[in-house]
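Now for the letters of each chain:
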There are 2 protein chains.
Amino acid sequence: MNGHVRALAEAARAAQPAIAALSPQRRQRLIERMAERIERDREQVLAANADDTARGEKAGLSTAMLDRLRLDGVRLAAIAQALRELAAQPDPVGAVTRREVRPNGLVIERQRVPLGLIAMIYESRPNVTADAAALCLKAGNAVLLRGGSEARSSNAAIAACLHAALREEGLPEAAVSLLTDPAREHVLELLQLSDLVDLAIPRGGEGLIRFVAEHARVPVVKHYKGVCHLYVDAAADLDLARDLLVDGKASRPGVCNALETLLVHADVAARFLPAAVGALIRRGVEVRGCERTRALCPQAVAADEADYAAEFLDLILAVRVVDDIDDALAHVGRYGSDHTEVIATADPAAAEAFIRGTRSAAVMVNASSRFNDGGELGLGAEIGISTTRLHAYGPMGAESLTIERFVVRGQGQVRHRQSRTAS
Amino acid sequence: MNGHVRALAEAARAAQPAIAALSPQRRQRLIERMAERIERDREQVLAANADDTARGEKAGLSTAMLDRLRLDGVRLAAIAQALRELAAQPDPVGAVTRREVRPNGLVIERQRVPLGLIAMIYESRPNVTADAAALCLKAGNAVLLRGGSEARSSNAAIAACLHAALREEGLPEAAVSLLTDPAREHVLELLQLSDLVDLAIPRGGEGLIRFVAEHARVPVVKHYKGVCHLYVDAAADLDLARDLLVDGKASRPGVCNALETLLVHADVAARFLPAAVGALIRRGVEVRGCERTRALCPQAVAADEADYAAEFLDLILAVRVVDDIDDALAHVGRYGSDHTEVIATADPAAAEAFIRGTRSAAVMVNASSRFNDGGELGLGAEIGISTTRLHAYGPMGAESLTIERFVVRGQGQVRHRQSRTAS
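Residues numbered from 1 in each chain as written. Chains lettered and ligands numbered in written order. Predicted model: local features only at pLDDT ≥ 70, side-chain atom pairs only at ≥ 80, totals over all residues. Heavy atoms only, no water.

Digging into the sheet that holds strand S13 (residues 362-367) of chain A
So, step 1. The strand order S10(A)-S9(A)-S11(A)-S8(A)-S7(A)-S12(A)-S13(A)-S16(B)-S2(B)-S1(B) describes an open sheet built from ten strands, whose pairing is mixed. Only two strands of the sheet have a single neighbouring strand rather than two, namely strand S10 (301-302) of chain A together with strand S1 (96-101) of chain B.
So, step 2. Here strand S7 (residues 228-232) of chain A runs beside strand S8 (residues 259-265) of chain A; their pairing, made up of five bridges, is parallel. The residue bridging A:Cys228 from the neighbouring strand is A:Leu259, located in S8(A). (Pairing = 2+ DSSP bridges. Helix = DSSP H or I, 4+ residues; strand = E, 2+ residues; numbered from the N terminus.)

Considerations on the side chain of A:Arg405
So, step 1. Along the chain, A:Arg405 falls in strand S16 (residues 402-413).
So, step 2. Here A:Arg405 occupies a buried position and makes no salt bridge, while the nearest side chain of opposite charge, B:Glu341, is found at 8.1 Å.
So, step 3. Within the structure, the side chain of A:Arg405 is placed 3.4 Å from the backbone oxygen of B:Ser360, a separation counted as a polar contact.
So, step 4. The contact partners of A:Arg405, leaving out residues within four places of it in the chain, are A:Glu109, A:Arg110, A:Gln111, A:Val113, B:Ile355, B:Arg356, B:Thr358, B:Arg359, B:Ser360, B:Ala361, B:Val363 and B:Tyr393. (Buried < 20%, exposed > 50% of the residue type's maximum accessible area, 1.4 Å probe, protein only. Lys, Arg positive; Asp, Glu negative; His and termini not counted. Salt bridge = Lys/Arg side-chain N within 4 Å of Asp/Glu carboxyl O. Polar contact = N/O pair within 3.5 Å; in protein donor to acceptor, adjacent residues only side chain to side chain. Contact = heavy atoms within 4.5 Å.)

What about the relation of the copies chain A and chain B?
So, step 1. Superposing chain A onto chain B takes a rotation of 180° plus a shift of 0.0 Å along the axis, which leaves an RMSD of 0.0 Å. Such a combination of turn and shift is consistent with a two-fold rotation axis. Relative to the rotation axis, the C-alpha of A:His391 is the closest in chain A, positioned 1.8 Å from it.
So, step 2. Counting the interface residues of chain A, we find that 100% of their copies in chain B are interface residues as well, pointing to one common contact surface. (Least-squares fit on C-alpha atoms with pLDDT ≥ 70 in both.)

A closer look at the interface of chain A and chain B
So, step 1. At the junction of the two partners, chain A supplies 80 residues and chain B supplies 80 residues.
So, step 2. A combined buried area of about 6,600 Å² lies between chain A and chain B, and 49% of that area is made up of carbon and sulfur atoms.
So, step 3. Joining chain A to chain B, the criterion identifies eleven salt bridges.
So, step 4. A salt bridge links B:Arg98 to A:Glu399; the nearest nitrogen and oxygen atoms lie 2.6 Å apart.
So, step 5. Connecting chain A to chain B are 51 residue pairs in polar contact (both at pLDDT 80 or more).
So, step 6. For the side of chain A that touches chain B, the leading source of residues is S16(A), giving eleven residues.
So, step 7. In this structure, S16(A) lies alongside strand S13 (residues 362-367) of chain B, joined through five bridges in parallel fashion. (Buried area = accessible area lost by both parts, 1.4 Å probe.)

Topic: the domain arrangement of chain A
So, step 1. By domain assignment, chain A separates into domain 1 (4-221 + 391-407) and domain 2 (228-371).
So, step 2. If you average the C-alpha positions of domain 1 of chain A and of domain 2 of chain A, the two centres end up 35 Å apart. (Domains from an automatic or database assignment.)

Focus on the packing of helix H2 (residues 24-40) of chain B against helix H7 (residues 152-168) of chain B
All names here are of chain B.
So, step 1. Two elements in contact, H2 and H7, have axes whose closest approach is 8 Å; the angle formed by their N-to-C orientations is 130°. In terms of orientation, H2 and H7 fall into the oblique class. Note on packing geometry: the crossing formed by H2 with H7 is right-handed. Contacts between H2 and H7 involve Leu-30, Arg-33, Met-34, Arg-37, Ile-38 and Arg-40 on the former and, on the latter, Ile-158, Cys-161, Leu-162, Ala-164, Ala-165, Leu-166 and Glu-168.
So, step 2. Its residues placed into classes, the contact of H2 with H7 shows nine nonpolar, no polar and four charged. (Axes fitted to C-alpha atoms, helices over the stretch in contact; angles between N-to-C directions. Parallel < 35°, antiparallel > 145°, perpendicular 65-115°, else oblique. Left-handed = near helix turned anticlockwise from the far one by under 90°. Nonpolar A, V, L, I, M, F, W, Y, C, P; charged D, E, K, R; others polar.)

A few points about the pattern of salt bridges
So, step 1. Enumeration according to the criterion identifies 71 salt bridges over all chains in this entry.
So, step 2. Two residues, B:Asp198 and A:Arg359, come together in a salt bridge whose shortest N-O distance is 3.9 Å. With B:Asp198 in the loop between helix H8 (184-191) and strand S6 (199-203) and A:Arg359 in the loop between helix H15 (348-357) and S13, this residue pair bridges two chains.
So, step 3. A residue is classified by how much of its surface remains accessible, and B:Asp198, at 10% relative accessible area, is buried.
So, step 4. On the basis of relative accessibility, which here comes to 25%, the residue A:Arg359 falls in the partly exposed class.
So, step 5. By sharing partners, the salt bridges in this structure join A:Arg26, A:Arg29, A:Arg33, A:Glu36, A:Arg37, A:Arg40, A:Asp41, A:Glu168 and A:Glu169 into a single network.

Some points on the pairing of strand S3 (residues 117-122) of chain B
Residue and element names in this part refer to chain B.
So, step 1. Where burial is concerned, most of S3 is hidden: six out of the six residues are buried.
So, step 2. Burial along S3 is two-sided: the face carrying Leu-117, Ala-119 and Ile-121 and the face carrying Ile-118, Met-120 and Tyr-122 are both buried.
So, step 3. Where S3 and strand S4 (residues 142-146) come together, five bridges link them in parallel fashion. Bridge pairing in S4 links Met-120 to Leu-145.
So, step 4. Of the crossover connections in this fold, the one passing from S3 over helix H6 (residues 127-138) to the parallel S4 is right-handed.
So, step 5. By the bridge criterion, five bridges tie S3 to S6 in an arrangement that is parallel. For Ile-118, the partnering residue across the bridge sits in S6 and is Leu-199. (Right-handed = clockwise from strand over helix to strand, strands pointing away.)

Observations concerning the sheet that holds strand S3 (residues 117-122) of chain A
Residues and elements named next belong to chain A.
So, step 1. With parallel pairing, four strands are arranged side by side in an open sheet as S5-S4-S3-S6. Single-partner strands in this sheet number two, and they are strand S5 (176-178) and strand S6 (199-203). Averaged over neighbouring strand pairs, the angle between their axes works out to 20° when direction is ignored.

Structural notes on the UniProt feature "domain: Aldehyde dehydrogenase" (unreviewed entry) in chain A
So, step 1. The sites that UniProt annotates as "domain: Aldehyde dehydrogenase" (unreviewed entry) are residues 5-278 of chain A.
So, step 2. What you have in residues 5-278 of chain A is 53% helix and 16% strand, and the ends, taken at the C-alpha atoms, are 54 Å apart. (UniProt positions renumbered as here; feature names shortened; annotations may be inferred.)

With respect to the packing of H2(B) against helix H5 (residues 73-88) of chain B
Residues and elements named next belong to chain B.
So, step 1. Contact pair H2 / H5: the axes reach a minimum separation of 8 Å and the direction vectors enclose 170°. One way to sum up the angle between H2 and H5 is to call them roughly antiparallel. Contact residues: H2 offers Gln-28, Ile-31, Glu-32, Met-34, Ala-35, Glu-36, Ile-38 and Glu-39, while H5 offers Leu-76, Ile-79, Ala-80, Leu-83, Arg-84, Ala-87 and Ala-88.
So, step 2. Considering only residue class, the contact of H2 with H5 consists of ten nonpolar, one polar and four charged.

Written out as structure tokens, the structure reads:
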């Protein structure tokens, strides 16, 4: 048992140079073949998924978890479509991002190279198996996948499709390695392999992220919770602010870029809150407010400290009336999770103060928090949204799975003249 | 005792926004004032350094360590000069690196923001106290410094100068915090503060780096050893190659970008090696070679496996004759440390194959390994040379102490049309 994970990682790492060496055209074709193969082997994948969902029902998984787990023809087609879109994206490997000629004639280039081997540790959605693997390959990396145990048959069936595509292209299957045994000690072993794993990306609930962050000896970029705020400024267009509020809270409450807290400038609270809270309540949202909120909106229940720190991922919103923008920024600084913050304002100075005063991965001026998403921000695809202030911050696309190195071209330059030996 | 380090980190973190909020002009002035203050308080710093060196002599430190520890008027002037040069560098904070307008009218910007709080853990050179602190501040960060215990008086005296400059500028001293008690348990405590420390940078010997990497719960970018290779290709200009060899090995053998291993294509070994090895031996270099090397150069002693993995940091060179470029690349892949690799060749195809076939932070074509240095590569200054393939790879300047986030500007865009509530 022991050593199994290391052997898997060694094989994946040994396979990586073959992926890195492909031309952009061939990496594109590889990912297109993966899409084809998932479509062709549709029945096997759906049968495996039926096993998982049956086992999940028996185990008493929640309706939400079963929904995340379930695949059908439409969802499989969406997975294949996502791979095709990713395949067509610009290839980041080898791109020269900067070029400078030094006074001594040296030409200094920054060149994007793959990170190497990425360990992706995720939970119940089986589409991540295809998405994450393809995104890692697009950037020239190998990937070691460890999905949730509840999705293990689905993940194995999808991985079989990816392996078939690698074989068709004459590439080593080990470039996409799946840790099939879900035992936690395997994850622990994986997280110790600092000589083999260049980056671990945990994606899932708070428990998973904490487990990875606490045990990892390999670098980790966390995709942690989103306690996202909308601040409605004194100078806001209140209709616009209400649209952002409803979109942010009610359009898809279970995702990390949904709003969790509304902050309203005291000067506009009386004009904004009653109608805005009414609109939310009509959409089934439970509103938990401070005293000033409740004075204006009797339908709101009392919010406590924990509500302001919560990522509800549900139709619940915490609301607070603030004295001014500094009060709002102090609240965000105290309770925020560095994910996404929004200001609604028609005052450019207030917008700039809000941008400067927040340290989150994404800050939105007069736009919904729901746009903090790789596709929406133009990255084509994302492996997750980093809330770690290192390497990548915000949505991570293929480019974030590379690193820039230095390529220097000279004509025999040396640093110390006395090193010249030629006669 | 316990909690002391946390309190220090909390104070540093609380001071960071004041540094981030400075205009570029004021950050420049702050660092200039630090240079002035080091010059003005010269006598105190030199007296403190005399204490350290006296203690070091008594403790039996090696000559090399005492040399790294020692300050004099010239070295202090160089520290002040380095700060002035850094002060004049472009300010990275707030820079918009990309801007894109999406089809829905959203304007997506990437904006550089400080990392936050950086923990710098280093050894005996007291100039790092000034250099690292100033570089962190230049990028809008706060810094927590933990230098070597042998330099503690010097570090405290330099930190006092930096604090005086912060006070003169009306800024919180805690933005530069020095861990004065050298006990290892304090470093351990520091490395656990994942809620406060955004990045730890260990810089020093292998023991220090390993200690930090093994115990850190905070993100780490390692500045690890340089087992740097020069590969002399069959198509090399051999005079040029000899210059690169002598500069790389003999100009300053104790630094991480010095050459440690020479690989020579078999076709040119007989023409290249005798004269090249002779030039090295005249400069006091001990040459440890493979059998083919020794057949050509009887002065060379026999190299063993450990010699090829060694970072000698001394006037010692390992040499090996290789069959071809693939053999050279396999050697680098097996023994290299991802730091710096050099090819000497007049064949562009060989150069490209070498670039593609190495994964190191810097790859040089017909240029000395000694150019892998922040100043030489145009970064102005460096906090070290990262050999971690994450966030930064190669020399890290002020820009590498920032992260890009997303700033999105809209006119009320929402993701779901039905979120529109306005009448």
